Amino acid sequence: MHLHNKSDIIAVCFLASMNKQTIVWVIILVSFFGSPVFSQTNCGFTIRGKVLHDENNEPIENAYVWIDELAEGAISDEKGNFRVDSICEGKYSVKVNYIGHLEETKVLKVDKNVNVTFRMKGADIVLEGVEIHGHRDAVITTNSVSSLSGEALDEVRGESLGNMLRKIAGVSTFSTGASISKPVIHGMHSNRILILNNGIRQEGQQWGSDHAPEIDPFMAEEIAVVKGAETVRYGPEAMGGVVVVNPPDLPVSNVQQGELNLIGNSNGGSGSAAVSFEGGSEKIKGLGYRLQSSGKYGGNIRSPGYFQQNTGIREINVSGAVGYSSSKSGIELFFSRYESTLGLLADAHTGNLSDLQAIIENGRPFSESDFTYQVANPKQKVKHTLFKAKAHHHLKNGAQLNLQYGFQQNNRQEFDKRRGGRHDQAALDLELFTNTLELNFDHKKRKHWNGSIGLNLIQQTNNNIPGTGVTPLIPNYDMYNLGIFAIEKFTRGHLELEGGLRYDYRYVDAARYNQEQEYEERSYSFRNMTAFLGGIYSFSPNLTLNTSIGSAWRPPNINEQFSQGLHHGSAAYEYGNPDFESEQAVKWLTTLSYSSKRLNLELTGYVHRINNYIFLNPTGEHFVSLRGTFN
């Protein structure tokens, strides 16, 4: 007899100690059950697969593959390929999930290496579990991410972006009147929160508490919130978190479809309407387009017992996109235009302290008003134009090169109650131009590793439009920012680890006439290194644990350095400090989340320490002018 392994020796010794009758019964039992006791199970098999779009056979990157019996999964690469090793012989249920597509499940019998192809069909579904990680470039992060999409997003259509985000755990808002609201993430807002509008940093006069984001939420298919410090990925102003507004992907097949939304509100008698139409080319595979427009019209808001005078709103928006995508490269052009006129509660702009105290004690404004759609002073007029051009190209060995350019023009006018027939003359008239250029290289994907290096450039110019008759609140300035970063991610099964480093250099040159009408010009430079380390562990497709720690920074904003006058939105005089230093922060965040079709639970703990924190500091002094007395 030839002995091949240790189990053979044990079996022979065991049989030798038995009598003849017992040996016969053992041989019968072994033959009946296929000799599982004395042979080793083969666990060296591999399941390889590919995930494709059903409509055009294009590969799907970052699809989530899960094997129930093993509680183990994988993520498809840029070619749609995935692989799970060390599979034992048996039957397994393999599920594939990808955002915006129906779940695909196949039962595989494994008695050899298996190759399988999944074709995903498009559908509107609710984000669940870890599916929110990595399905778009903007939210590939190990930080905690929550989002609104599908039915949850439809339920809040017609509201402002700030009010919509209140549906997300850990996000609140603060408001200036009925129509101006800003998102607050873990206590941070304004210039400490970065908003990505279709992948472009939203740049406006967001420093004011009364300056709402100039974004049309109707164009979004998904609105996501990244709650950790993301300055390594996106640069300064992302120290508190990131709001990501994503429109739908452009069609890549020959399909034409449209959508119409009509929404009404009894309070304010407001109505909102939005229409979109999109399609693909029959002759040119991969060519798609979209046109979209929306508007809002509302009157005075009613409180119990009275109407709030001058709280109406006018808003009109339009956007369009065209793009071409193939297996090797792609290009996309995007344009949007946002215009709004917002009325501000007239009695909120008091001209002296006694009037303010009297209104507070009265519990309601002194000015009585009926319902009207008229919008008078004080009011805001805001226009925001955005243009984006983006291209990508797949290189050899799975590497990818991405280039994105963005242009923005933001014009903000604020009208106050003014004497001398100057009601049509803005008291604040600012025009902000921003150019951004982003270049990043995604290196060749190794077995468990992927990552990128990148370069960000920002050029910004702010101008005060002459003719206001008021000393400008903030000066004219030019700003330049250069950022270089590197991010690397390790993925194996249901574990993801990610780390990154970034260096930023910012130069600011500001010029103004001070209140003594003396010309001043000062320039500044700021530089900083930031880093982060984070991880995700998926206990199941529904239960995940995120933890991350990252450093962040924010140079002082131009208003914090140079404010010199009445800020209409807050009805207070503000003075900046040109000698402020940059804020330096460290944020640790851990989130345990459970998500299913019927239940969403999130438990979050965070610690956020900020050095050199900049804030409005009431002095207790008063400023007296012809326009009134102000804090």
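Residues numbered from 1 in each chain as written. Predicted model: local features only at pLDDT ≥ 70, side-chain atom pairs only at ≥ 80, totals over all residues. Heavy atoms only, no water.

Attention shifts here to the overall build of the protein. Scanning the protein from terminus to terminus reveals seven helices and 35 strands. Within the protein, buried positions represent 48% of all 631 residues. In the protein, the proportion of contacts linking residues at least 24 apart, taken out of those at least 6 apart, comes to 64%. When the accessible surface of the protein is summed, it comes to about 30,600 Å², and 55% of that surface belongs to carbon and sulfur atoms. (Helix = DSSP H or I, 4+ residues; strand = E, 2+ residues; numbered from the N terminus. Buried < 20%, exposed > 50% of the residue type's maximum accessible area, 1.4 Å probe, protein only. Contact = heavy atoms within 4.5 Å. Areas by Shrake-Rupley, 256 points an atom, 1.4 Å probe, with all protein chains shown as cover.)

Further remarks concern the pattern of salt bridges. A full pass over the atoms with the stated rule returns 19 salt bridges. When the shortest N-O distance is used, the salt bridge between Arg83 and Asp85 registers 2.7 Å. Under the relative-accessibility criterion, Asp85 is labelled partly exposed at 25%. (Salt bridge = Lys/Arg side-chain N within 4 Å of Asp/Glu carboxyl O.)

Turning to the sheet that holds strand 2 (residues 64-67), a few remarks are in order. An order of 3-2-5-6 is seen for the four strands of this open sheet, with the pairing classed as antiparallel. Among the strands making up the open sheet, the edge pair consists of strand 3 (72-75) and strand 6 (104-110). Going across the sheet, the axis of each strand differs from the next one's by a mean of 25°, ignoring polarity. Here four bridges tie strand 2 to strand 5 (residues 90-97), and the two strands are oriented antiparallel to one another. From the neighbouring strand, Trp66 faces strand 5, where its bridge partner is Lys95. (Pairing = 2+ DSSP bridges. Axes fitted to C-alpha atoms, helices over the stretch in contact; angles between N-to-C directions.)

Sheet analysis places strand 32 (residues 583-595) next to strand 33 (residues 600-611), joined by 12 bridges and oriented antiparallel. For Ser595, the partnering residue across the bridge sits in strand 33 and is Asn600. Hairpin connection, strand 32 to strand 33: the antiparallel pair is bridged by four residues.

For the coordinates displayed, the defined rule picks out six cavities of 30 Å³ or more. Approximately 290 Å³ is the volume attributed to the largest cavity. Around the largest cavity, the lining is made up of 24 residues, and of these Gln460, Tyr477, Met479, Arg506 and Asn557 lie nearest the centre. Mapped onto the lining of the largest cavity, the elements with two or more residues apiece are strand 11 (193-197), strand 25 (449-464), strand 26 (476-492), strand 27 (495-513) and helix 7 (558-562). Of the residues in the lining of the largest cavity, the class split is 12 nonpolar, seven polar and five charged. (1 Å grid on protein atoms, 1.4 Å probe; cavity = no way out; pocket = protein on both sides within 12 Å on 5 of 7 lines; lining within 4 Å. Points joined across faces, edges and corners; volume = space filled by probe spheres on them. Nonpolar A, V, L, I, M, F, W, Y, C, P; charged D, E, K, R; others polar.)

A few words on the layout of surface pockets. Taken as a whole, the second largest pocket encloses approximately 990 Å³ of empty space. Of all the elements in the fold, those that place two or more residues in the lining of the second largest pocket are helix 7 and strand 31 (572-575). When the residues that make up the lining of the second largest pocket are grouped by side-chain class, the tally is 12 nonpolar, 17 polar and five charged.

Quick look at the packing of aromatic side chains now. For the structure on display, the rule yields 13 aromatic pairs. Here a set of aromatic residues connected by ring pairs shows up, and it is made of Tyr297, Phe307, Phe371 and Tyr373. The cationic tip of Lys379 hangs over the ring face of Phe415; the distance from NZ or CZ to the ring centre is 5.2 Å. One Lys or Arg, Lys587, reaches over the ring of Tyr606 and ends 5.4 Å from the middle of that ring. (Phe/Tyr/Trp six-rings, centres within 6.5 Å; stacked < 30°, edge-to-face > 60°. Lys NZ or Arg CZ within 6 Å of the ring centre and 35° of its normal.)

For the rest of this paragraph, the subject is the confidence of the model for the protein. Per-residue confidence for the protein gives a mean pLDDT of 82, with 87% of residues at or over 70. Overall, residues 22-39 carries pLDDT values under 50, and its contacts beyond four positions in sequence, including any with other chains, amount to eight contacts. (pLDDT = per-residue confidence, 0-100.)

What follows concerns the environment of Gly235. The topology assignment puts Gly235 in the loop between helix 5 (231-234) and strand 14 (241-246). Residues Gly235 and Phe485, spaced 250 residues apart in sequence, show a C-alpha to C-alpha distance of 9.1 Å. With sequence-adjacent residues up to four places away left out, Gly235 is seen in contact with Arg201, Glu230, Arg502 and Asp504.

On to unusual backbone geometry, then. Residue Pro378 is bonded to the preceding Asn377 through a cis peptide linkage, with omega at 0°. Along the chain, Pro378 turns up in the loop between helix 6 (353-362) and strand 22 (379-394). Even without being glycine, Ser190 reaches a positive phi, approximately 55°. For Ser190, the location among the structural elements is in the loop between strand 10 (181-185) and strand 11. Under the relative-accessibility criterion, Ser190 is labelled buried at 12%.

It is worth spelling out the nonpolar core at this point. Core analysis: the biggest nonpolar cluster contains 29 residues, and Leu161, Leu165, Ile223, Val225, Val243 and Val245 have the highest contact counts within it. Counting residues in each nonpolar core, the second largest holds 21 residues, with Ile67, Phe82, Val84 and Val94 among its members. (Core = buried A, V, L, I, M, F, W, Y, C linked by side-chain atoms within 4.5 Å.)

The next subject is the sheet that holds strand 12 (residues 200-201). Strand order in the open sheet formed by five strands is 8-13-14-11-12, and the pairing between neighbours is mixed. Two strands lie at the open edges of the sheet, namely strand 8 (145-149) and strand 12, each paired on one side alone. Here strand 11 pairs with strand 14 via five bridges, running parallel. Pairing of Ile195 across the sheet is with Val243, part of strand 14.

Once that is clear, we can look at the pairing of strand 13 (residues 222-226). With five of five residues buried, strand 13 is to be regarded as a mostly interior element. Burial along strand 13 is two-sided: Glu222, Ala224 and Val226 facing one way and Ile223 and Val225 facing the other are all buried. Pairing analysis gives five bridges linking strand 8 to strand 13, with the strands arranged antiparallel. Among the inter-strand pairings, Leu148 is bridged to a residue of strand 13, identified as Ile223. Here five bridges tie strand 13 to strand 14, and the two strands are oriented antiparallel to one another. Residue pairing across strands places Val225 opposite Val243, the latter belonging to strand 14.

What follows covers the side chain of Asn377. Secondary-structure assignment places Asn377 in the loop between helix 6 and strand 22. Overall, Asn377 belongs to the buried group, its relative accessible area being 15%. There is a polar contact of 3.3 Å between the side chain of Asn377 and the backbone oxygen of Asp416. (Polar contact = N/O pair within 3.5 Å; in protein donor to acceptor, adjacent residues only side chain to side chain.)

As for its position among the elements, Gln561 is in helix 7. In contact with Gln561, other than residues within four places in its own chain, are Tyr524, Phe526, Pro556, Gly576, Asn577 and Pro578.

Right, let's get into the environment of Met188. As for its position among the elements, Met188 is in the loop between strand 10 and strand 11. Excluding residues within four positions of it along the chain, Met188 makes contact with Pro183, Ile193, Gly240, His608 and Ile610.

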